Amino acid sequence: MNEQLIFAYRSAGRQGFAPRASGTGELPAEFLRQDEPPLPTASELDVVRHYTRLSQLNFSIDTHFYPLGSCTMKYNPRVCNRLAMLPQFLARHPLAPVEHGQGFLQTMHELQEMLQTVTGMQAVSLTPMAGAQGEFAGVAMIKAYHDARGDSERTQIIVPDAAHGTNPATATMCGCDVVEVPTRPDGDLDIDKLRAVVGPQTAGIMLTNPSTLGVFERQISEIAAIVHAAGGLLYYDGANLNAILGKTSPGAMGFDVVHVNLHKTFSTPHGGGGPGSGAVGVGDKLRPFLPIPYVVKQGGNYVWADEHSCPQSIGRLSAFMGNAGVLLRAYVYMRMLGEAGMQRVSDFAVLNANYLMARLQDEGFALAYPQRRASHEFIISLKQITRDTGVTAMDFAKALLDHGFHAPTTYFPLLVPECLLIEPTESESRQTLDAFVAALVAIRQQAYDDADAVKQAPLTMPVRRLDDVRAAKQPDLIWKQPAA
Amino acid sequence: MPFIPHTDADVAAMLAVTGTSSCADLFDEIPAPLRMAGLQAIGPALSEAEISRLMQSRARADGEPLCFIGAGAYDHYVPAAVWDIATRGEFYSAYTPYQAEASQGTLQVIYEFQTMLAGLTGLDVSNASLYDGATAFAEACLMAVRANRRSKSRRILVARSLHPYYREVATVMLRGQGISLQELPLQDGCCDHAALAALSGKDFAAVAVQQPSFLGNLEQVDALTDWAHANGALAIAVVNPTALAVLRPPGQWGAEGADIACGEGQPLGVPMSAGGPYVGFLVCRQAIVRQMPGRIVGRTLDLDGNPGFTLTLQAREQHIRRSRATSNICTNQGLVATAATIYMALLGAAGLREVAQSCHANTRELVSQLAALPGISPPFTQPYFHEAVLQLDRPVGPVLDALSRQGVLGGFDLSQHYPELGNALLVCATETRGSEDIRAYAASMGEVFGAAA
C-alpha cells in the first residue's frame, strides 16, 4: 500500500480549512510576497484521509512489538495524553504571569521533586528538550563548575567506546576533547585504562549504567573514586534508567549530574522522533549552574528561578521552559505508578529482558555477554550465522518486519559484530516475547535453508528495501512541482 | 497492575526460565552498598480517575485569561483535525524511522514537511525539525560558521531586534566552540543601518536578522542581506511561518536571497502549551546542505524501482560521526512537525494568508484602540505585522499586573530587555482576538489608566 504525496491532491481554489477573515492587511507592497507559497490545495477530507493512510504505513508501539534497544519503547498510556491536553494547559502562554499558572507550576515543581528522588540528586531543571540537550546541559555545567574555580585547563571528557554517539558529539559541542576508554571482554570498563587517562585535564566522564552493552557496570564506585580523585565530575546518561528505577540511583553511584529521558523511562511518546525531554538533575556542587528557568517554591507560591536568582546558571536552552506538554505526560505517568509502580517498572523490564535472553540462549543464539545478567536489554551476535549463511543482522531486522515485529537496534554498540540490541520493556507479555523468539528461530532456519529469501525481506511492507546510496548521492529532499 | 501484563503464573514460569527465584535475584550484579531502600518520597499510586480529577482541578485553577502576549508564542486557532490525526497511535507511539520500510508514514510526512517549509521560505532544502525556534537559531549560527569557508571569523552579527531569548540560547550553545554574537543596535525600532555601514569590511561568519522582528516591525531585509554578502558573510533569516504567507520569503531577500532560514513552527497548529513542545525549523540553500544538523528525509527507490522514503545524508549525524558530527541532536520534534504538516495541508496558501491578514488587521485595530487612550502612543512609524510596541506614560509592570487581575494578559514588558525604549509594551493580536476581545482589552486598559490617573 502506498499513498501519493499531499501535493498531488491539487485543485486550484480548494481549501481544507477556511479561517474567518476579519479584514485584509495594509502592508506596504515592498514587503509583500508576489508568488503563492506551494502549499497543498486539498479538502479537509482529503487531508484527513491522506494522513490517516500515512499513519497506517507505520509500525508503532500501539500496533507492534517494538524492541528497539536503548530506546525503551514501552506503552504510552492514553490518559497521559488526554490530561496533558486539557484546554487550560494548552492555552497557557509561556510568558503568562505565575498568578495564572499555579496549578501548572505546582505540577512542574512536584515533577522536579519526583525526579530528584529517583535520581538521588539535589535539584532538577526540566528545560532540556531531549536527551542530547540534557547531555549538553550536563557537560556545560561541568565546564562552568571548573571555570568558576579557575580550573579552566580541564577540557577532556572521557567516554567509554560503547557510548551512544550523542555523548562524544555533545562533548565536542561544549568545546571539549573526547578521550575514549575501552571496554573489557566482560562488558565492564577497562579501569586500568581509565586510570591511565585521568589527570589535570579531565573535566569529567560520561557514563550510562547499565551500559549500552546491557550490563550493569559493577565497578562504578571505583570509577567514581578515580575520576573524583583526579578532579573530574561524573555525568550519568539516563538512557537506561528503566533498568534500575527504585533499585539504585545515579546519586548512590557517585554521579554529580544526570539527565533523564522522560520519553523513555517515563513513557512519554516518541512521536516518530520526538518531542522528548531530557530533564537534568545535579548534586549540590552543580546546583548554581542549573539551566533556567525552573520552578521554586516561595512562601506559598510557585515562581520561576531565572537569571536574577541564578546568576551562575549556564543560561537558557530553550526559548521558554522546554517541552512542557511532555513534562505533564511524564508527571501523570509517575503519579499513576507511585512508589510501588516504579519498582515494578524495573522488576518487569529486567525480568522480560532476562527471560527473553534465556529463551534465545536456549534456542542456540549467541549472547554477547553470556556470563552476565541482562539489565533491561541485552545483545545477541549473529556473527556465526552471517559466517555460515551470509545473512546479516540487517537481514534479520528486515525479516522481522515481515513477522510483524519491529527490529531491535542493529549494529549498535559498534563493539559487537552483527549485533541486535534487544529491549523488550515491562509492557510486553510473555506471549509476545515467546512469539518474538519463534520469529527469530524461523528466520534463522530460513537463513540456513534459503539465505536469498531472507535477503529479499521485507516483502510485506509498503516498500521493499530502499536504495540508501541513491538517496545520499542524488538527494531528493523536497518535492518539486513538475514544469508545466 | 497498571501497565504490566504479567500474571503470577507468567512470573513464576519466567523466573524458572531465568533460573532465579525472584525478581530481586535479577539485580544481583548491583553492589549491595548502592541499593536504594525505596522511593518513599514518591507516595502511593493514583488511579486513572484520581489523577484525572487532580489534573482537571489544577487546569481549572489556572483558567484561560484573555491573552495579548506574543513574543515568540502565538495563540492561533488549531483545527480539530490537526491533533486528532497527529495523536493517532501510529504516529504518536512510533520512534525515529530507522527501519524505513516500517516507517513510510512518518518518513513521507517529514518529506512533505520539508517541502512545505522550503516552499514557505523560498529556499532549497529543510531538515526534519529541531527543538524550537531558539535552538534552530543557534544551530543556524553553528551551521553558518561551518559553511562559510571564506570567512575566518567566529563571530555572528545579530540584530538587537532579534528575539532576546533566542540570542541568550544561542550564546549558551555557541560559547563552548568559541563562537560569539555581536549585536547590531536598534534605531527607531529596527536595525541601525548607519551602524551597519560603519562595520563594512569587518569579518563576520554571518549576519542574522528576524523578520518581522521581535518588536513586530518589518526590517529592511534586502539591504541587510546584501550587506552580508558584500562583506563575505552568510545571511541568516529568522522568520515567522504565518507571516511568510504574505511577506517576501528569505529566498528572495536582496540580490541573492538569504542562505539559511530558521524559526519557530509553533504558529503552525501547535498550542502555546506553556512553552512546548514546539518545533524549530531550519532551511537552507542546496549548496550547504551537508552542513545541516539533524535528520533529513530523502526520496529514493526500492528494489523494485518504486519510490520510497528514507533518512539520508546521515554521515553528518552523531550516531555515525560521533565527536565530528554537525550537532549532537538525535531526538527532534517529529510529532509536532507532523501536526504542523497537517495544519499547512489543511489551510493551504490561501488559508494561511487569511490567518496572516486577520492577525495584521486585528493588531492594527488593537494598536489603534489602545493608542486612543491618553498616556499610550505608538513610538515607531515602521510597518509591523502582528505585534507592535506601545509607549506608556508609566512603568509597564504595574499596568500588566492590574490587567492580569482583570483576566487580561496585556502583553510583554520590554523594559528588562530593551531599557532604552523606556516604558515599552509589546502587544499581539492573532486572528483569534476579534473586535470584542480587543474592545474588552481597551476597556480594561482604560480602567487601569483612569484608576491610576
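Being a predicted model, the structure only gives us computed values, none of them experimental. (Residues numbered from 1 in each chain as written. Chains lettered and ligands numbered in written order. Predicted model: local features only at pLDDT ≥ 70, side-chain atom pairs only at ≥ 80, totals over all residues.)

## A closer look at the nonpolar core
Ranked by internal contacts, the top residues of the largest apolar core, which has 321 residues, are B:Cys141, B:Ala144, B:Ala206, B:Val207, B:Ala208, B:Ile236 and B:Ile342. Broken down by element, this core gets its largest block of residues, 22 residues, from helix H10 (residues 324-362) of chain A. Not counting residues within four places of it along the chain, the set of residues in contact with B:Cys141 comprises B:Ile156, B:Ala170, B:Leu174, B:Ile179, B:Ala206, B:Ala208 and B:Ile236. (Core = buried A, V, L, I, M, F, W, Y, C linked by C-beta atoms within 7 Å. Buried ≥ 20, exposed ≤ 12 C-beta atoms within 10 Å, placed from the backbone. Helix = DSSP H or I, 4+ residues; strand = E, 2+ residues; numbered from the N terminus. Contact = placed C-beta atoms within 7 Å.)

## Things to note about the interface of chain B and chain A
Counting residues at the interface gives 165 residues for chain B and 170 residues for chain A. Sorting elements by how many residues they give to the side of chain B that touches chain A places helix H11 (residues 334-371) of chain B first, with 21 residues. A class-by-class count of the residues in the side of chain B that touches chain A yields 85 nonpolar, 57 polar and 23 charged. (Nonpolar A, V, L, I, M, F, W, Y, C, P; charged D, E, K, R; others polar.)

## Here we look at the domain arrangement of chain B
Residue and element names in this part refer to chain B. Parsing chain B into structural domains produces domain 1 (66-76 + 348-452) and domain 2 (80-342). The C-alpha centroid of domain 2 is placed 28 Å from the C-alpha centroid of domain 1. Each side of the interface is counted separately: domain 1 has 23 residues, and domain 2 has 21 residues. For the side of domain 1 that touches domain 2, the secondary structure elements donating two or more residues are H11 and strand S14 (387-392). (Domains from an automatic or database assignment.)

## Focus on the sheet that holds strand S11 (residues 378-381) of chain A
Residue and element names in this part refer to chain A. Ordered by their spatial adjacency, 4 strands build an open sheet running S10-S11-S13-S12, and the pairing between neighbours is antiparallel. Pairing within the sheet leaves two strands with one partner each, and these edge strands are strand S10 (366-367) and strand S12 (409-410). The pairing of S12 with strand S13 (residues 419-422) spans 2 bridges and is classified as antiparallel. Within the sheet, the bridge partner assigned to Thr409 lies in S13 and is Leu421. Sheet contacts for H10: S10, S11 and S13; angle to S11, the most-contacted strand, approximately 15°. (Pairing = 2+ DSSP bridges. Axes fitted to C-alpha atoms, helices over the stretch in contact; angles between N-to-C directions.)

## Details of the domain arrangement of chain A
All names here are of chain A. If you check the domain split of chain A, you get domain 1 (79-336) and domain 2 (344-466). Averaged C-alpha coordinates put domain 1 and domain 2 at centres separated by 31 Å. Of the residues contributing to the side of domain 1 that touches domain 2, the split by class is 8 nonpolar, 7 polar and 3 charged.

## Regarding the packing of H10(A) against helix H1 (residues 8-18) of chain B
Where H10(A) meets H1(B), the axes come as close as 8 Å, and the angle between the chain directions of the two elements is 55°. Put simply, H10(A) runs oblique to H1(B). Crossing angle aside, the handedness with which H10(A) passes H1(B) is left-handed. Counted together, A:Leu351, A:Asn354, A:Tyr355, A:Ala358 and A:Arg359 of H10(A) and B:Met14, B:Val17 and B:Thr18 of H1(B) form the full contact between these two elements. Classifying every residue of the contact of H10(A) with H1(B) by side-chain character gives 5 nonpolar, 2 polar and 1 charged. (Parallel < 35°, antiparallel > 145°, perpendicular 65-115°, else oblique. Left-handed = near helix turned anticlockwise from the far one by under 90°.)

## Examining the sheet that holds strand S4 (residues 180-184) of chain B
Residue and element names in this part refer to chain B. Spatially, the 7 strands line up as an open sheet ordered S2-S10-S9-S8-S7-S3-S4, and their pairing is mixed. The outermost strands of the open sheet, each flanked by one partner alone, are strand S2 (125-126) and S4. Summarising the sheet, strand S9 (residues 260-264) and strand S10 (residues 280-284) pair through 5 bridges and their orientation is antiparallel. Of the residues in S10, the one forming a bridge with Glu264 is Gly280.

## Quick look at the pairing of strand S8 (residues 294-298) of chain A
Strand residues, when the strand is regular, have side chains that alternate between the two faces of the sheet. All names here are of chain A. With 5 bridges joining them, S8 and strand S9 (residues 301-305) adopt antiparallel strand pairing. Its bridge partner being in S9, Tyr294 is matched across the sheet by Ala305. In this structure, the hairpin formed by S8 and S9 is closed by a connection of 2 residues, where Gly299 is found at a positive phi of approximately 60°.

## Here we look at the confidence of the model for chain B
Mean pLDDT for chain B: 96, with 99% of residues reaching 70 or above. The ipTM assigned to the predicted complex is 0.97, against a pTM of 0.97. (pLDDT = per-residue confidence, 0-100.)

## Quick look at helix H6 (residues 166-173) of chain A
Residues three or four positions apart in an α-helix share a direction because the helix packs 3.6 residues into each turn. H6(A) sits mainly inside the fold: 8 of its 8 residues count as buried. Looking at H6(A), one finds that the buried residues are A:Thr166, A:Asn167, A:Pro168, A:Ala169, A:Thr170, A:Ala171, A:Thr172 and A:Met173. Buried residues along H6(A) sit against helix H5 (131-148), strand S2 (156-160), strand S3 (177-181), strand S4 (202-207) and strand S5 (233-237) of chain A together with helix H10 (318-321) of chain B. Positive phi appears at A:Gly175, one or two residues downstream of H6(A), with a value of about 80°.

## Brief notes about unusual backbone geometry
Here the amide bond leading from A:Gly274 into A:Pro275 is cis, since omega sits at 5°, within 30 degrees of zero. Among the structural elements, A:Pro275 can be located in the loop between strand S6 (257-261) and strand S7 (278-282). Of note, the amide linkage connecting B:Gly276 to B:Pro277 takes the cis form, showing an omega dihedral of 0°. You can see B:Pro277 is positioned in the loop between S9 and S10. Phi at B:Ser273 takes a positive value of approximately 45°, unusual for a residue other than glycine. With respect to the helices and strands, B:Ser273 occurs in the loop between S9 and S10. Residues other than glycine seldom take positive phi values, yet B:Leu313 does so here, at roughly 50°. Given 20 C-beta atoms within a 10 Å radius, B:Leu313 is considered buried.

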